[in-house]
Amino acid sequence: MNRFLRSTVSLALAATVALLLAACSPDKEGQDRNADTADAAAPSSGSQGGFDRSTLEDRTWRFDRVRGEPVPEGLEITLEIALESNRANGRLAGLAACNRYTADFSLDGAAVRVGAPASTKRACPPPAMAAEARFLDALRSAVTLTIDAGGRLVLADPDGRRSISRPAAAGDGTDALD
């Protein structure tokens, strides 16, 4: 084996080990990245993202945490999902603490891709605007969408930061997709 090939293989092996160690390490605050979520539900055959279509649609999801941080008290961040007939593409909509938003998305198993959200342009107090910016950025950068064992919808970004929502109580939604 020539020197170049050995160096390349050694570098690839070192990078793989480093990624595995980083994935298992605690975050900046010394807490496990997964500590605020239950295990994701295991995918079932014939379902979208490991859950039935009815699990995603026809409900409003209310976020309790965005990128691991609690949503400030008194603010509401919601999500509603409408899947197209192919069950792999659809539209997201809701309230992002201050403004209503909508975005196209696609699902491939638990992998999600969200298009750039469009939103209304209402001005709100700084805490609401900051929470909204954090949520819309989390939505844009989400790479997985799962339903955990507790029935919560979980969006995760490439760094493993999770945004966690629960189904809103009946009559407590925004009806953003109507």
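What you are looking at is a predicted structure, and each value in this text was computed from that prediction instead of being measured.

Description of helix α3 (residues 126-141)
Counted at 1.5 Å a residue, the expected span for α3 with its 16 residues is 22 Å, and the 22 Å between its end C-alpha atoms agrees. Among the residues of α3, Ala128, Ala131, Glu132, Phe135, Leu136, Ala138 and Leu139 are the ones counted as buried. Down the axis of α3, the buried set is contained in an arc of 160 degrees. They therefore lie on one face.

As for the pairing of strand β10 (residues 162-167)
Bridge count between strand β1 (residues 60-66) and β10: four bridges; the pairing is antiparallel. When the sheet's bridge partners are listed, Arg62 is paired in β10 with Arg166. Two elements, strand β9 (residues 153-156) and β10, share four bridges in a ladder whose sense is antiparallel. Of the residues in β10, the one forming a bridge with Ala156 is Arg162. Between the end of β9 and the start of β10, which pair antiparallel, lie five residues, with Gly160 showing a positive phi angle near 85 degrees.

Overview of the state of the cysteines
Should the sulfur atoms of two cysteines be covalently bonded, the bond is a disulfide. Tallied over the entire structure, the rule returns one disulfide. Put simply, Cys98 and Cys124 are joined by a disulfide, and their sulfur atoms are 1.8 Å apart. A torsion of 80 degrees about the S-S bond marks the disulfide between Cys98 and Cys124 as right-handed. Here Cys124 lies in the loop between β7 (118-119) and α3 and Cys98 lies in the loop between β4 (89-95) and β5 (100-108), a separation of 26 residues in the sequence. For Cys98, a relative accessible area of 2% puts it in the buried group.

Cut-offs used in this document
Residues numbered from 1 in each chain as written. Predicted model: local features only at pLDDT ≥ 70, side-chain atom pairs only at ≥ 80, totals over all residues. Heavy atoms only, no water. Helix = DSSP H or I, 4+ residues; strand = E, 2+ residues; numbered from the N terminus. Expected span 1.5 Å × (residues − 1). Buried < 20%, exposed > 50% of the residue type's maximum accessible area, 1.4 Å probe, protein only. Arc of directions from axis to C-beta. Pairing = 2+ DSSP bridges. Disulfide = S-S within 2.5 Å.

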